Amino acid sequence: MALTALEIYKLLPKTNCKECGFPTCLAFAMQIAAGKAGIEQCPPASDEARETLGAAAAPPLPKVTVGSGERAVILGDEVVLYRHEKTFYHPTAFAISISDALDDDAFGERIRRIRALSFERMGETLAVDMVAVRCDSGNAARFARAAAAAKEGAGLPLLLSGPCEALAAALPSLGSDRPLLSPPSGEEEAGARLAAPLGLPLVVRAKGIDGLERALNAARAAGARDLVADPMPASLPEALAMSVYLRRLAILARVREVACPTAFDLGNGFPFPFAAASLLVPKYGSLLVLDLDDPADLFPLLTLRQNIFTDPQKPIQVEAGIYPVGNATPSSPVLITTNFSLTYFTVRSDIEASRVPARLLVADCDGMSVLTAWAAGKFSGESIARILSESGIAGAVSHRTLILPGMVARLSGKIEELSGWRVLVGPQESSALPTYLRRLPPAAFAPPDV
Amino acid sequence: MSDPGTGTIRFLPQGVSVPVATGETILSHAIRAGVPLLSPCGGEKRCGKCRVIVAGEAAGGNDPGILSGADLRAGVRLACRCRPSGGEDITVTVPPESLPAKLIAYLEGRDLAEDEPFLPLHTATGGRNPLGVALDLGTSTLAGALIDLVGGRLLARTAADNPQMSCGEDLISRIVYGEESEGGFALLRQLLLSGVEKVIAALLRSAPADGEIVDVTAAGNTVITHILYGVSPAPIRHPPYQPVFREYPVRTGEEIGSLAASSAPWRLFPSLGGFVGGDIVADVLASGMHREETVSLLFDVGTNGEVALGNNEFLMACSSSAGPAFEGGEVACGMRAYPGAIESVRIDPDTLAAEWTVIGGGKPLGICGSGILDLCAEMFRAGLIDRAGQFVPRTGAPFAETARGRAYLVASAQQSATGSAICFAAPDIKSVLRTKAALCAAADSLLAAVGLPRNAVERVYIAGGFGNFLDLRSALSLGVFPPFPMERYVPLGNASLAGAIGAIRSRRRWKEALALAAAATYHDLSSDAGFMEAFQRALFIPHTDEESYRTVLSPGGGR
């Protein structure tokens, strides 16, 4: 079991010497407990502390890097079982398969389709991560050519899936790109001997937890270090169960022998591959190999992945700007709030509930709520006046009246002074907006006297 | 100081006597005798509240404009203007309406760790009677105590409003004020000093004639301490949110800007972080939790809420950023625990109307913290609000539709002293829930940060005047504190002042305060991912974890 901050603190010198860079030993202990610092940062630590904490601080799920450079993919290195406990760090990787048995045209077309699996969503590019080259030809030389062509054509890290002799043929040209080797079940020792000298990551395939443990130990004994486990499920329920078992063994029980990122081959006739992928994205699949290449399949999976692997510790923001609510006309009221998404959606739905068409100005406050942003100096008279002049709101409405959240009523004077707009102080609680907006006299939003 | 007369003045019903000092008012005699007497204006002869009944020779204080003919015939005088003539014994009866029932809550504090021998740090005065002043510099209230450094006796205690209130109710507002107005921090400092001088002057009325202040200790939050030092606290509000000082070098009163204690060294309690100040260090000092092996939690429930967790091995503290709802702030009809405040509330389960008691009796002006807690707990018990704090429509319930939405009518316009109804509206409930949720979640976050379960906490200290008179059952049924068995809660009152007094009396305890502050860890809740979640859970009445609260509130208290 992981040690608590207090248990770690008791092992530390308790002198608050600050050599670790933290103000107190307890603060340092909290960082160790959170996996954000290591005992090696504490020079005066006792040997006992080093021994106990060195083991406790190692990540429960090792990190395996596939590929190199910008598109390198990181598998594993997770610390919690549930996203809300902290966050998930490394998104499930998608590898789209390609067969070395395809003729040149079909091969080129398949690569083109893989490259097209890239989408824009919420300001991020969503794309598949790897190409899985399968040795279906049984010809090592053909496999090596196909692997090189896939690398060349797609520019993505590779999963090389085939017998060891085929893998060996591909390595001379691709070994420096850190491909992930995936020999068939039973060839883990031979695979490990291929992977070890080049320091390459290796998929170990075996049925069941016990089988995996034996195979992983054999691969380790043969010198492989960066291991990925494939429990070879035959069905969707089995895939889900194995994925959950393996992750729980790693995080909760800290069973080092089977603590590895996981790979699941959902191609090659695996039943219901789309459904299986949609279950394994939230439930611990580190790498999913798919034969699917239809954007209609991949877009929902990539969207799901984006949602699951968003850091819940960071406030979700909406884009700053002018949001019309209802059929807003130039004489509709203008309200302002911050870009914390919860704040925005609450205020917006309360405006909608009023049935009064309006414009909502959303200020960029780093995703903070109104009072927090005010306290941090990000929602101030100056910043609001700047938004009034720079957002283009003046051109969208015929009046110069702004409704300010009641919680920051004190900003009204400054805003009026700096912007020349008239400020109406709105309710403190957004929930009072419907009543407030319905009672507003229309004259409040008449064009200014010129 | 005036000449001692030959007679004595005896206060009833307290039964305390002090020698008459000719020329002094009855009010200053009362302060010297330790008799609590209402004087909201601070003896400035404005409020007419310090009514006493005088039997014996005394002159003045019979202002016909303030006192009626019947009052005068009954011997009622104003204590701030009436002076005994000196030669004879007189008896002064303090009627109940002149007793500041709860005001004392801002002063009275328990010092549970007071076992060190009396050994003050400073005593040298060149033959004069050495005195020490202990100060608690609060966001809303400035409190002080006068200690005789020869015998260690507590001579007087007094409190006054922090004059900075006019520049904002909470600390952030004051920093903003300081940053945005020309000479803002200078004015804040000036206001603070004027308040401090007023407190010291009031204390000195009880000082012996040859007394001289030779030592001052002050416990205050980080913002106020920075302002007192003439250093801008603005960095606290901007990344990386660090104060300029955590430890304050000793300065003389003259350097600080105090005339009343100009030659004394001023020792300011060190801060733990931007929003956990020396007041919390003084609280911990008075609670003695830093000496015990068992783990304790300490809540300081004031204008801001701070929480500390620890024992003799560790100490961690955080600011909960709870609002001032329990000090009557952020609540439309809220007020501080002054006369005229509703201090307790019961709701009749049949009529659904409120029954209340008012500090000092008479018609209510508003509701103070303990009344607000009672009211919310009672509204929930009576089924008038649901677990989320929303009003539940019920026939016959005294609801009113106000400009601030639906409200519960606590007192009608006829029943209130102001002539307008006292209503508790939906935003007021929200404000109370936010405040209580922040406190509760701060405690849960501290426990989670060090990895302790709730049941590891064996004692829960509640510091702050409010803790002296809150109804613990109401507080727990609302979920203000985590669900610990009732007997684990220990109210401390103004522990910050008690700690400051302790540090005047014993140089060892001052060292203890410095050491515990140096070893303590400041936990920043704004970077604690778990806090927001704990806060959301605590926004319900009493909490999403209803079961634990039911257990501690059941007969037997969950032991």
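No experiment lies behind these values; they were computed from the predicted model shown.

Rules of the game
- Residues numbered from 1 in each chain as written.
- Chains lettered and ligands numbered in written order.
- Predicted model: local features only at pLDDT ≥ 70, side-chain atom pairs only at ≥ 80, totals over all residues.
- Heavy atoms only, no water.
- Helix = DSSP H or I, 4+ residues; strand = E, 2+ residues; numbered from the N terminus.
- Buried < 20%, exposed > 50% of the residue type's maximum accessible area, 1.4 Å probe, protein only.
- Areas by Shrake-Rupley, 256 points an atom, 1.4 Å probe, with all protein chains shown as cover.
- Contact = heavy atoms within 4.5 Å.
- Axes fitted to C-alpha atoms, helices over the stretch in contact; angles between N-to-C directions.
- Parallel < 35°, antiparallel > 145°, perpendicular 65-115°, else oblique.
- Left-handed = near helix turned anticlockwise from the far one by under 90°.
- Nonpolar A, V, L, I, M, F, W, Y, C, P; charged D, E, K, R; others polar.
- Pairing = 2+ DSSP bridges.
- Right-handed = clockwise from strand over helix to strand, strands pointing away.
- 1 Å grid on protein atoms, 1.4 Å probe; cavity = no way out; pocket = protein on both sides within 12 Å on 5 of 7 lines; lining within 4 Å.
- Points joined across faces, edges and corners; volume = space filled by probe spheres on them.
- Domains from an automatic or database assignment.
- Disulfide = S-S within 2.5 Å.
- Phe/Tyr/Trp six-rings, centres within 6.5 Å; stacked < 30°, edge-to-face > 60°.
- Lys NZ or Arg CZ within 6 Å of the ring centre and 35° of its normal.
- Core = buried A, V, L, I, M, F, W, Y, C linked by side-chain atoms within 4.5 Å.
- Salt bridge = Lys/Arg side-chain N within 4 Å of Asp/Glu carboxyl O.
- pLDDT = per-residue confidence, 0-100.
- Buried area = accessible area lost by both parts, 1.4 Å probe.
- Polar contact = N/O pair within 3.5 Å; in protein donor to acceptor, adjacent residues only side chain to side chain.

(A) A look at the overall build of chain A. When helices and strands are counted, chain A shows 17 helices and 17 strands. The buried share among the 450 residues of chain A stands at 50%. Within the structure as shown, chain A displays about 19,800 Å² of accessible surface, and the carbon and sulfur contribution to it stands at 54%.

(B) Broad picture of the overall build of chain B. The secondary structure content of chain B amounts to 15 helices and 25 strands. In chain B, which comprises 559 residues, the proportion classed as buried is 58%. Considering only contacts within chain B whose residues lie at least 6 apart along the sequence, 68% involve residues at least 24 apart. Split by element, the accessible area of chain B, about 20,600 Å² in all, is 53% carbon and sulfur.

(C) Region of interest: unusual backbone geometry. Cis geometry marks the peptide bond from I541 of chain B to P542 of chain B, where omega comes out at -10 degrees. Tracing the chain through its elements places P542 of chain B in the loop between helix 14 (529-538) and helix 15 (546-553). In this structure, K18 of chain A takes a positive phi of about 70 degrees despite not being glycine. Counting through the fold element by element, K18 of chain A comes out in the loop between helix 1 (5-11) and helix 2 (25-33). Within the chain, L352 of chain B stands out as a residue other than glycine whose phi angle is a positive 65 degrees. Among the structural elements, L352 of chain B can be located in the loop between strand 17 (341-347) and strand 18 (354-358). Judged by relative accessible area, L352 of chain B falls into the buried class, the value being 3%.

(D) Representation of the packing of helix 8 (residues 208-221) of chain A against helix 9 (residues 236-251) of chain A. Residues and elements named next belong to chain A. Running from amino to carboxyl end, helix 8 crosses helix 9 at an angle of 55 degrees, the nearest separation of the two axes being 11 Å. When the axis of helix 8 is compared with that of helix 9, the two are oblique. Along this stretch, helix 8 crosses helix 9, giving a crossing that reads as right-handed. Two secondary-structure elements touch here, helix 8 through G208, I209 and L212 and helix 9 through M242, Y245, L246 and L249. Partitioned by chemical class, the residues of the contact of helix 8 with helix 9 number six nonpolar, one polar and no charged.

(E) Expanded view of the pairing of strand 12 (residues 287-290) of chain A. Residues and elements named next belong to chain A. Residues L287 and V289 of strand 12 are buried on one face, and the alternating residues L288 and L290, pointing to the opposite face, are buried as well. By the bridge criterion, four bridges tie strand 3 (residues 93-99) to strand 12 in an arrangement that is parallel. Bridge pairing in strand 12 places F94 opposite L288. Strand direction decides the pairing type here: strand 11 (residues 263-265) and strand 12, joined by three bridges, are parallel. If you follow F264 over to strand 12, its bridge partner there is L288. The parallel pair strand 11 and strand 12, bridged by helix 10 (residues 273-280), forms a crossover whose chirality is right-handed.

(F) Here's a closer look at empty space enclosed by the protein. Residue and element names in this part refer to chain B. Under the definition given, this model contains six cavities of 30 Å³ or more. Each pocket or cavity is described by its volume, and for the largest cavity that value is around 310 Å³. D136, G138, T139, D300 and G302 are, among the 23 residues lining the largest cavity, the residues nearest its centre. For the lining of the largest cavity, the elements supplying multiple residues, two or more each, are strand 9 (141-148), helix 7 (278-287), strand 14 (295-301) and helix 12 (495-505). Within the lining of the largest cavity, the residues separate by chemical class into four nonpolar, twelve polar and seven charged. Of the residues that make up the lining of the largest cavity, three or more belong to each of domain 2 (104-281) and domain 3 (290-324 + 432-496 + 523-553).

(G) Up close: the side chain of H523 of chain B. Tracing the backbone shows H523 of chain B in the loop between strand 25 (521-522) and helix 14. In contact with H523 of chain B, not counting residues within four places along its chain, are M30 of chain A together with M316, A317, C318, S445, L446, A449 and D528 of chain B.

(H) The arrangement of the state of the cysteines in detail. Going through the model one piece at a time under the given rule, you end up with zero disulfides over all chains. With no disulfide of its own, C20 of chain A lies closest to C17 of chain A among cysteine sulfurs, the gap being 6.3 Å.

(I) Highlighting the packing of aromatic side chains. A complete count under the given rule lists 15 aromatic pairs over all chains for this structure. When the centroid spacing of 4.9 Å and the interplanar angle of 65 degrees are considered together, the rings of F391 of chain B and F399 of chain B count as edge-to-face. Both residues of the pair, F391 of chain B and F399 of chain B, count as buried. Sitting over the ring of Y9 of chain A, K14 of chain A keeps its end group 5.6 Å from the ring centre.

(J) Layout of the sheet that holds strand 25 of chain B. All names here are of chain B. If you walk across this open sheet you meet the six strands as 24-23-14-15-16-25, and the pairing is mixed. Because the sheet does not close on itself, it has two edges, and the strands there are strand 24 (489-493) and strand 25. Together, strand 14, strand 15 (305-310), strand 16 (315-319) and strand 23 (457-463) form the strand contacts of helix 9 (residues 426-450), whose direction differs from that of strand 15 by roughly 30 degrees.

(K) Up close: the packing of helix 7 (residues 188-198) of chain A against helix 8 of chain A. All names here are of chain A. As a packed pair, helix 7 and helix 8 sit with axes 8 Å apart at the nearest point and diverge in direction by 35 degrees. For the pair helix 7 and helix 8, the sense of crossing is right-handed. Listed contacts from helix 8 to E188, E189 and A192 of helix 7 are A215, A218 and A219. Here the contact of helix 7 with helix 8 is built from residues that sort into four nonpolar, no polar and two charged.

(L) Structural view of the environment of V258 of chain A. All names here are of chain A. Summarising the element assignment, V258 is placed in the loop between helix 9 and strand 11. Looking at V258, the relative accessible area reads 1%, which means it is buried. Sequence separation between V258 and V228 is 30 residues, and the spatial gap between their C-alpha atoms is 9.4 Å. Ignoring any residue separated from it by four or fewer positions in sequence, one finds V258 in contact with I209, E213, L216, L246 and L249.

(M) Layout of the nonpolar core. Residues and elements named next belong to chain B. By size, the foremost hydrophobic cluster in this structure holds 93 residues, and its most contacted members are M379, Y408, F424 and F481. Here the element with the most residues in this core is helix 9; it accounts for 14 residues. Beyond its immediate chain neighbours, meaning those up to four positions away, M379 contacts I347, L384, I385, F391, Y408, F424 and I429.

(N) Region of interest: the sheet that holds strand 14 (residues 334-338) of chain A. Residues and elements named next belong to chain A. Spatially, the five strands line up as an open sheet ordered 13-15-14-16-17, and their pairing is mixed. Either end of the sheet is taken by a strand with one partner, and the two such strands are strand 13 (321-325) and strand 17 (422-425). In this sheet, adjacent strand axes meet at a mean angle of 30 degrees when their direction is disregarded. Packing against the sheet, helix 16 (residues 412-419) makes contact with strand 16 (401-404) and strand 17, and its axis sits at approximately 160 degrees to strand 17.

(O) Quick peek at the pattern of salt bridges. All names here are of chain B. Counted by the stated rule, this structure contains 33 salt bridges over all chains. In this structure, R237 engages E179 in a salt bridge whose closest nitrogen and oxygen atoms are separated by 2.4 Å. Taken together, the positions of R237 in the loop between helix 5 (222-228) and strand 12 (251-252) and E179 in helix 3 (residues 171-180) put the pair 58 residues apart, joining distant regions of the chain. With a relative accessible area of 7%, R237 lands in the buried category. A residue is classified by how much of its surface remains accessible, and E179, at 34% relative accessible area, is partly exposed. R346 is the salt-bridge partner of D374, the closest N and O atoms lying 3.7 Å from each other. With a gap of 28 residues between them, D374 in helix 8 (residues 369-381) and R346 in strand 17 connect regions that are remote in the sequence. Classification of D374 by relative accessible area gives buried; the value is 2%.

(P) Spatial organisation of the confidence of the model for chain A. When pLDDT is averaged along chain A, the result is 92; 98% of the residues meet or exceed 70. The least confident element of chain A is helix 3 (residues 47-57) of chain A, whose mean pLDDT is 79; the most confident is strand 12 of chain A, at 98.

(Q) Focus on the interface of chain A and chain B. Facing 21 residues of chain A, the contacting portion of chain B comprises 26 residues. For the chain A and chain B pair, buried surface summed over both sides reaches about 1,900 Å², with 54% attributable to carbon and sulfur atoms. Here K14 of chain A ties to E313 of chain B by a salt bridge, and the two come within 2.9 Å at their closest N and O atoms. For the pair chain A and chain B, the interface holds ten residue pairs in polar contact (both at pLDDT 80 or more).

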